[in-house]
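# Descriptive analysis of the structure
Residues per chain are reported as follows:
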Amino acid sequence: MGGTGSRELPETILGDILKGSFSAMVREMAVLIERTAMSPIIREKQDYAVGLFDTGGRMVFAEFLMQGPGMIDPILERFPIETMRPGDVYCYNDPYLSDGASGHVPDITFCLPVFEDGAVRVLVALFGHFWDLGGYSPGGLSPFVTEVFHEGILIPPVRLVKEGEFVEDVYQLLLRNTRFPAYLDGDVRACISACSLGVRRVQELIAHYGVERVLAGCERVMEQSREWGRRILDQLLPDGTYVGQDLVDGDGFGEQPYKVQLKIEKSGGTVRFDFTGTDPQAKGPINFLLHPGILKTVLLGRILQSYEPALVLNDGLDGIIDDIEIPSGSLLWPKFPAGVALRAMSRILVTNSILEAMGSAEAAAVPAASCNYGIVTLRTYESDAERYVYSFEGFGVGQGARPSADGIDSVYFIGQKNNPVEWLEAEYPFRVEQYAIARDTGGPGLFRGGVGIIRDLRVLSDQATLCTMMVNARQPARGVGGGLDGRLGQILLNPGTPAQRRLATLADNIELQRGDVVRIMSAGGGGWGAPFERRPESVAWDVRKGYVSLDAAERDYGVVLDRETLEADPEATAHRRDDRSEAERRP
């Protein structure tokens, strides 16, 4: 079928037009799900991803966070393309059936086929992080779970909607396995609506340009990513062997840190990633099923994208790594049914290990280590109303300093948002009494690491149960090239009072009473380059804005400021830095 707009357009021009159309399509899907989802974790925090896939399951284009590649493979294995019908909706959430393409139990993937002339031509899919799917505690995210079964109901690939009609037996089973059925129902319908919009947009493109040229456009987008990705990697990584590693604080069942270790070998155009030396899987749920596609397209892909922002992250990047070794039974390939609820705690270790390894090849080209985001949840049960109250609070951290700029300050993950204060206080029985920059948390350097946040929450209900999920409380985000490590995070109960105590940062079932205050102080990113080489004007600006204290300006950067004007004193600063340099030169 030729389509009404297929004539006379060169393939290169049409390819770029289709790439723009795919981008607009996934953005429109994203806007729809944000505006129609019921639960705060999708609507406010925006924990979801949407994408376009070919009939082989390859991701062509997506607006996504940290998932996508391999996401629909379990559906295609259970429901071959030829068995699908218009109006069908398929879904699943089992991380083990997808080899980690679906990250953890709360993430439900939905998939709709796009038909033309009676055949499936492409598929539209998304995942959303669902508020609660049963399990050990509301939300399923607890550091105390030890099996994936504790995290909620495991959904194998199922046909949820058959030719436009819900399969009620399946749907009622899902609705019965949540503490918040209204949220689940609303989010399911929002996800299906967003996918249905994507289906219509693809059908419009096929009607306009013809199915063959649209499919050729999909191939062109992936081929371009393949060419660009490998070229960038070749420029950054000469032949050689490069090693990187990072540590996570623990798993919630002890203070033993867990290590991810990576060796990158490049020789004669062949690239190998070897994670031998990574620690065995944990008892707690910090295990991360590292799907090879996510390693290539998402984790490494995002690093490459920082050098070429126009690089589209899709399965065209599959060929940029030729061989991957991940030990079975390790932190990055746990054996079923090990818990994976908090797999993000280890996912950041993979990114930091890649950066450290690549930095040894091209020290001026990679950022310092970043922190992992943190989460606290507060929950209670209102017996009079016979309902659960569950608040999920993600908070920002400092990102690693870059080779030409400071680290990003106080952000919660890629593209996600934290909850607005006004909304939190209107919906839940607690009050936000402070929300501020955590001064001096960014690692000092020529370029400063991003700073964390301080957030104080006061409990207004008679009682509540706190769950803490924060790392970088014992293992810092490392600095590079002479930059210093970021400062550690901590969580305090009733700060500044005689009852003050420090709370474990991977713990659950912490009982709180009315009036208690929980203070979250998140960690900072690593610094890049020698701190004494930072421009004094930049340090003075940091002090005026509250990112760096007067004492830290002098101690860490050698910059002496006028305590009234907060301007740098050039002469005093020169003497201070000269004294430091002289002391470092002494035997």
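Summary of the structure given here. (Residues numbered from 1 in each chain as written. Predicted model: local features only at pLDDT ≥ 70, side-chain atom pairs only at ≥ 80, totals over all residues. Heavy atoms only, no water.)

## Overview of the side chain of Asp-187
What counts is decided by this rule: A helix here means a DSSP run of H or I that spans at least four residues, while a strand means a run of E at least two residues long, and both kinds are numbered starting from the N terminus. Think of it in three bands: with a 1.4 Å probe and only protein chains considered, a residue is buried below 20% of the maximum accessible area for its type, exposed above 50%, and partly exposed in between. The positive count covers Lys and Arg only, the negative count covers Asp and Glu only, and His and the chain ends enter neither. Each salt bridge in this description consists of a side-chain nitrogen of Lys or Arg and a carboxyl oxygen of Asp or Glu lying within 4 Å of one another. Residue contacts are counted whenever heavy atoms from the two residues lie within 4.5 Å of one another.
With respect to the secondary-structure elements, Asp-187 resides in helix H5 (residues 181–209). It is Arg-43 that comes nearest to the buried, bridge-free Asp-187 among opposite-charge side chains, at 6.7 Å. Contact partners of Asp-187, with chain neighbours within four places excluded, come to Ala-37, Met-38, Ser-39, Ile-42 and Phe-130.

## Side note on the sheet that holds strand S8 (residues 240–248)
What counts, and what does not: By definition, two strands form a pair when at least two bridges between them are found by DSSP. Throughout, an axis means a line fitted to C-alpha atoms (over the contacting stretch in the case of helices), and angles, computed between N-to-C directions, take values from 0 to 180 degrees.
Read across the sheet, 4 strands follow the order S8-S9-S10-S11 without closing on themselves; strand pairing throughout is mixed. The open sheet has two edge strands, S8 and strand S11 (323–325), and neither has a second partner. Adjacent strand axes in the sheet meet at a mean angle of 15 degrees when their direction is disregarded. Bridging between strand S10 (residues 270–274) and S11 involves 3 bridges; their strand directions are parallel. Residue pairing for S11: Asp-274 is matched across the bridge by Glu-325. Across the sheet, helix H8 (residues 344–361) is in contact with S8, strand S9 (258–267) and S10; its angle to S8 comes to roughly 145 degrees.

## Notes on the pairing of strand S15 (residues 452–459)
Of all 8 residues in S15, 7 are buried, a share of seventy percent or more. Bridge count for strand S14 (residues 430–438) against S15 is 8 bridges, and the pairing is antiparallel. Across the sheet, Ala-438 pairs through a bridge with Gly-452, a residue of S15. By the bridge criterion, 5 bridges tie S15 to strand S20 (residues 517–521) in an arrangement that is antiparallel. Its bridge partner being in S20, Asp-456 is matched across the sheet by Arg-519.

## Here's the deal with the state of the cysteines
We apply this condition: The disulfide definition used here is simple: a pair of cysteine sulfur atoms within 2.5 Å.
Considering all chains together, one arrives at 0 disulfides under this definition. Counting only cysteine sulfurs, Cys-195 is the nearest neighbor of Cys-111, a cysteine outside any disulfide, at a range of 7.4 Å. For Cys-111, a relative accessible area of 0% corresponds to the buried category. Cys-371 takes part in no disulfide bond, and the closest cysteine sulfur, belonging to Cys-467, lies 19 Å away.

## Some words on the nonpolar core
Quick reminder of the rule: Only buried Ala, Val, Leu, Ile, Met, Phe, Trp, Tyr and Cys residues count toward a nonpolar core, and they belong to the same one when joined by side-chain atoms within 4.5 Å.
Judged by nonpolar contacts, the single largest core of 160 residues is most densely connected at Phe-22, Phe-110, Phe-273, Phe-275, Val-350, Ile-354 and Met-358. Examining the composition of this core, we find that 12 residues originate from one element, H5, more than from any other. Val-451, Val-539, Val-543 and Tyr-557 belong to the second-largest nonpolar core, a separate cluster that totals 11 residues.

## What about the sheet that holds strand S19 (residues 506–513)?
Strand pairing in a sheet relies on backbone hydrogen bonds. The paired strands run either parallel or antiparallel. Spatial strand order, S13-S12-S16-S19: 4 strands in an open sheet with antiparallel pairing. Two strands bound the open sheet, and with one partner strand each, they are strand S13 (387–395) and S19. Strand-to-strand twist in this sheet, taken as the mean axis angle between neighbours without regard to direction, amounts to 20 degrees. The pairing of strand S16 (residues 463–469) with S19 spans 6 bridges and is antiparallel. Looking at S19, one finds that Leu-466 is bridged to Ile-510.

## Digging into the packing of aromatic side chains
Note the following rule: A pair of aromatic rings is counted whenever rings of Phe, Tyr or Trp (Trp by its six-membered ring) have centres within 6.5 Å, and the orientation is called stacked for planes under 30 degrees apart, edge-to-face for over 60 and tilted otherwise. Two conditions define a charge located above a ring, namely a distance within 6 Å from the ring centre to NZ of Lys or CZ of Arg, and an angle within 35 degrees of the ring normal.
All told, the structure shown has 17 aromatic pairs when counted by the stated rule. Geometrically, the ring pair formed by Phe-149 and Phe-336 is edge-to-face, given 5.6 Å between the ring centres and 75 degrees between the ring planes. Linking Phe-149 in the loop between strand S5 (119–129) and strand S6 (158–162) with Phe-336 in the loop between S11 and H8, this pair joins segments that are 187 residues apart in sequence. Residue class for Phe-149 comes out partly exposed when judged on its relative accessible area of 46%. Phe-336 gets classed as partly exposed once you look at its relative accessible area, which sits at 46%. Both rings, one in Tyr-428 and one in Phe-430, keep their centres 6.2 Å apart while their planes meet at 5 degrees; by these two values the pair is stacked. Grouping residues by exposure puts Tyr-428 and Phe-430 together as buried. Counting every residue linked through ring pairs, the aromatic cluster contains Trp-131, Phe-180, Tyr-183, Tyr-381, Tyr-388 and Tyr-390. A cation over an aromatic ring shows up here: Arg-179 above the ring of Tyr-388, its NZ or CZ 5.6 Å from the ring centre. It is Arg-448 that lies over the ring of Tyr-547; its NZ or CZ is 4.9 Å from the centre.

## Here's the deal with the pattern of salt bridges
One pass over the full model with this rule turns up 41 salt bridges. Where Lys-296 meets Asp-318, a salt bridge forms, and the shortest distance between an N and an O atom there is 3.1 Å. On the criterion of sequence distance, the pair formed by Lys-296 in helix H7 (residues 292–305) and Asp-318 in the loop between H7 and S11 is long-range, its members being 22 residues apart. In this structure Asp-318 comes out as partly exposed when scored by relative accessible area, which is 37%. Close ionic contact of Asp-456 with Arg-519 constitutes a salt bridge, the shortest N to O distance being 2.8 Å. Placement of Asp-456 in strand S15 and of Arg-519 in strand S20 is noted, with a sequence separation of 63 residues between them. For Arg-519, a relative accessible area of 22% gives the class partly exposed. Within this structure, Arg-230, Asp-234, Asp-239, Lys-266 and Asp-322 form a network of salt bridges that share partners.

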